[in-house]
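Notes for the structure review
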Amino acid sequence: MKEFIVTIRTTIPQGTDPAEVDRRRAAEHERARELTASGHLFRLWRPVGETRSIGIWLAEDERDLRENVLGSLPLWPWMTAEVTELESHPNDPQRNQW
């Protein structure tokens, strides 16, 4: 699988029922656990003082990532994502275990 850095911003539409937001957030938590267990979500961070998230995700390609991985998130309809495909650097400590 390929690795991607993904920056996600979630914007809840005005007028959305708070109960629907709570339901989707709970489902999002569960789906993130499933994606972690299946090896698609590797790490996830939130910059201090911000609401966006930055994560390392794995998928076969960007299409698979957007359609089958990120697209499976309950909050996905309210998200925008910036996706950057990664490749290993020759000096990556994980690549070169001295």
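Structure's up top.
This structure is a prediction, so every number in the text was calculated from the model and none was measured. (Residues numbered from 1 in each chain as written. Predicted model: local features only at pLDDT ≥ 70, side-chain atom pairs only at ≥ 80, totals over all residues. Heavy atoms only, no water.)

Before going further, it helps to examine the pairing of strand S1 (residues 2-10). In terms of strand pairing, S1 meets strand S3 (residues 53-59) through seven bridges, oriented antiparallel. Along S3, the bridge assignment pairs Thr-7 with Ile-54. Across eight bridges, S1 lies against strand S4 (residues 79-86) in antiparallel orientation. Paired with Ile-8 across the bridge in S4 is Ala-81. (Pairing = 2+ DSSP bridges. Helix = DSSP H or I, 4+ residues; strand = E, 2+ residues; numbered from the N terminus.)

Tallying each qualifying case throughout the model produces seven salt bridges. Linking Glu-67 and Arg-63 is a salt bridge whose minimum nitrogen-to-oxygen distance equals 3.2 Å. Here Glu-67 and its partner Arg-63 are both found in helix H2 (residues 62-69), four residues apart, which amounts to about one turn of the helix. What emerges from the salt-bridge pattern is a single network uniting Glu-20, Arg-23 and Arg-24. (Salt bridge = Lys/Arg side-chain N within 4 Å of Asp/Glu carboxyl O.)

Residue placement: Ser-53 occurs in strand S3. Under the relative-accessibility criterion, Ser-53 is labelled buried at 12%. Once residues lying within four places of it in the same chain are set aside, the contact partners of Ser-53 are Val-6, Thr-7, Ile-8, Leu-44 and Trp-45. (Buried < 20%, exposed > 50% of the residue type's maximum accessible area, 1.4 Å probe, protein only. Contact = heavy atoms within 4.5 Å.)

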